[in-house]
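# Structure assessment
Here are the chains, one letter per residue:
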Amino acid sequence: MSDIRAQQPASGRGTSWLDALSGNAPRLPGYPASVQVADIEMAGRAARLIAVVPDAASPFPRARQGETGLLEGWSLARAVHEAVAADRDLPVKRAIIAIVDTPSQAYGRREEAFGIHQALASAAAAYATARLEGHPVIALLVGKAMSGAFLAHGYQANRILALKDPGVQVHAMGEEAAARITLRSVEDLEAFAATVPPMAYDLDNYATLGLLWRTVAVQDAAAPTAADLSTVNGHLQEALADIDADPKRDLRGRLQGENRGATRRAREVLASQWKD
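## Describing the nonpolar core
- Formed by 67 residues in total, the largest nonpolar core has its most connected members in Ile-50, Ile-99, Leu-141, Leu-163 and Val-232.
- Beyond its immediate stretch of four places on either side in the chain, Leu-163 contacts Trp-17, Leu-140, Leu-141, Val-142, Val-168, Leu-203, Val-216, Val-218, Ala-221 and Val-232.

Shown next as structure tokens:
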């Protein structure tokens, strides 16, 4: 497991953007240091901000650099489910905003033995439940969004926004780990990425897959300025309005990406055969 794990640590952007967007609102108590939760008001609406951040003192060594592990998975699920339960009888559900800067899921023998697959699945299911229960769920990618960490924290959002910055990357695995697994060099993988969009890490290629709702240009993705904060807040509010205007709570819109033609066709054929 240790050979697979090698990833660059989280950049600290998750903490920076959580601080900026929350106005340094107090963090909710009872969560591990690696999962930061803050309740705020955004455009007259309640919102819950959630971020996974590095914790050098984590009892799980594989989850000390911002990775999403056992504690993080269960805690993300708790943060979302608590919001769903609290708002169950309210006509307007609070927004849930996942601030994403996580380099990987936590790879380790203890994580596998104690069921990291269940912990991360519980987080993904919680976000999906919130979306289907009428909560606007937004993912804001401010750093790395890698592997099972992104699947658990952000991927189930109604809308995914990303800062337009080279430090924001999306993939199933970090370059170094992917090179070892495929027995190729990083340079080889980068060459493949030039012609195979799913192999690429940059946002432009990711956007062609149909999953990204919008990219947001900022001056400083690592240390947001007042202007950056205003810009991102504006886009988040537009995302909320776009979600509210859409009666559907599914993710079918993601199939409309320019590189999803084969997927759309396969689904059409399967649907046709199923009806017959």
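Right, picking up where we left off after that structure.
## Examining the packing of helix 2 (residues 13-22) against helix 10 (residues 226-244)
- Packing of helix 2 against helix 10 leaves a shortest axis separation of 10 Å and a crossing angle of 80 degrees. Classified by the interaxial angle, the pair formed by helix 2 and helix 10 is roughly perpendicular. Of the residues in helix 10, those in contact with Trp-17, Ala-20 and Leu-21 of helix 2 are Asp-228, Leu-229, Val-232, Asn-233 and Leu-236.
- Across the contact of helix 2 with helix 10, the residue classes tally to 6 nonpolar, 1 polar and 1 charged.

## Section: the side chain of Glu-111
- Inspection of the secondary structure puts Glu-111 in helix 4 (residues 109-113).
- Although Glu-111 is buried, it forms no salt bridge, and the closest oppositely charged side chain is Arg-110 at an N-O distance of 5.5 Å.
- The contact partners of Glu-111, leaving out residues within four places of it in the chain, are Phe-60, Arg-62, Leu-70, Ala-106 and Ile-116.

## Quick look at the pairing of strand 5 (residues 159-163)
- Of all 5 residues making up strand 5, 5 are buried, and the element is well covered by its neighbours.
- Side chains Arg-159, Leu-161 and Leu-163 project from strand 5 onto one buried face, and the interleaved Ile-160 and Ala-162 project onto a second face that is buried too.
- In this structure, strand 4 (residues 137-146) lies alongside strand 5, joined through 4 bridges in parallel fashion. Paired with Ile-138 across the two strands is Arg-159, which belongs to strand 5.
- Considered for its hand, the β-α-β crossover made up of strand 4, helix 6 (residues 147-152) and strand 5 is right-handed.
- Taken together, the 3 bridges between strand 5 and strand 7 (residues 214-216) define a ladder with parallel strand orientation. Within strand 7, the residue paired with Ala-162 across the bridge is Thr-215.

## Topic: the pattern of salt bridges
- Summed over the entire model, instances satisfying the criterion amount to 12 salt bridges.
- Between Asp-165 and Arg-13 there is a salt bridge whose closest N-O contact spans 2.9 Å. Separated by 152 residues along the polypeptide, Asp-165 in the loop between strand 5 and strand 6 (169-171) and Arg-13 in helix 2 bring together distant segments of the chain.
- Judged by relative accessible area, Asp-165 falls into the partly exposed class, the value being 23%.
- By relative accessible area, which is 11% here, Arg-13 ends up buried.
- Note that Arg-27 is salt-bridged to Asp-19, the shortest N-O span being 2.3 Å.
- Among the residues examined, Asp-19 registers a relative accessible area of 26% and is labelled partly exposed.
- Counted as one network, the salt bridges with shared partners bring together Asp-39, Arg-48, Asp-87 and Arg-94.

Here is what the cut-offs are and how they apply
Residues numbered from 1 in each chain as written. Predicted model: local features only at pLDDT ≥ 70, side-chain atom pairs only at ≥ 80, totals over all residues. Heavy atoms only, no water. Core = buried A, V, L, I, M, F, W, Y, C linked by side-chain atoms within 4.5 Å. Buried < 20%, exposed > 50% of the residue type's maximum accessible area, 1.4 Å probe, protein only. Contact = heavy atoms within 4.5 Å. Axes fitted to C-alpha atoms, helices over the stretch in contact; angles between N-to-C directions. Helix = DSSP H or I, 4+ residues; strand = E, 2+ residues; numbered from the N terminus. Parallel < 35°, antiparallel > 145°, perpendicular 65-115°, else oblique. Nonpolar A, V, L, I, M, F, W, Y, C, P; charged D, E, K, R; others polar. Lys, Arg positive; Asp, Glu negative; His and termini not counted. Salt bridge = Lys/Arg side-chain N within 4 Å of Asp/Glu carboxyl O. Pairing = 2+ DSSP bridges. Right-handed = clockwise from strand over helix to strand, strands pointing away.

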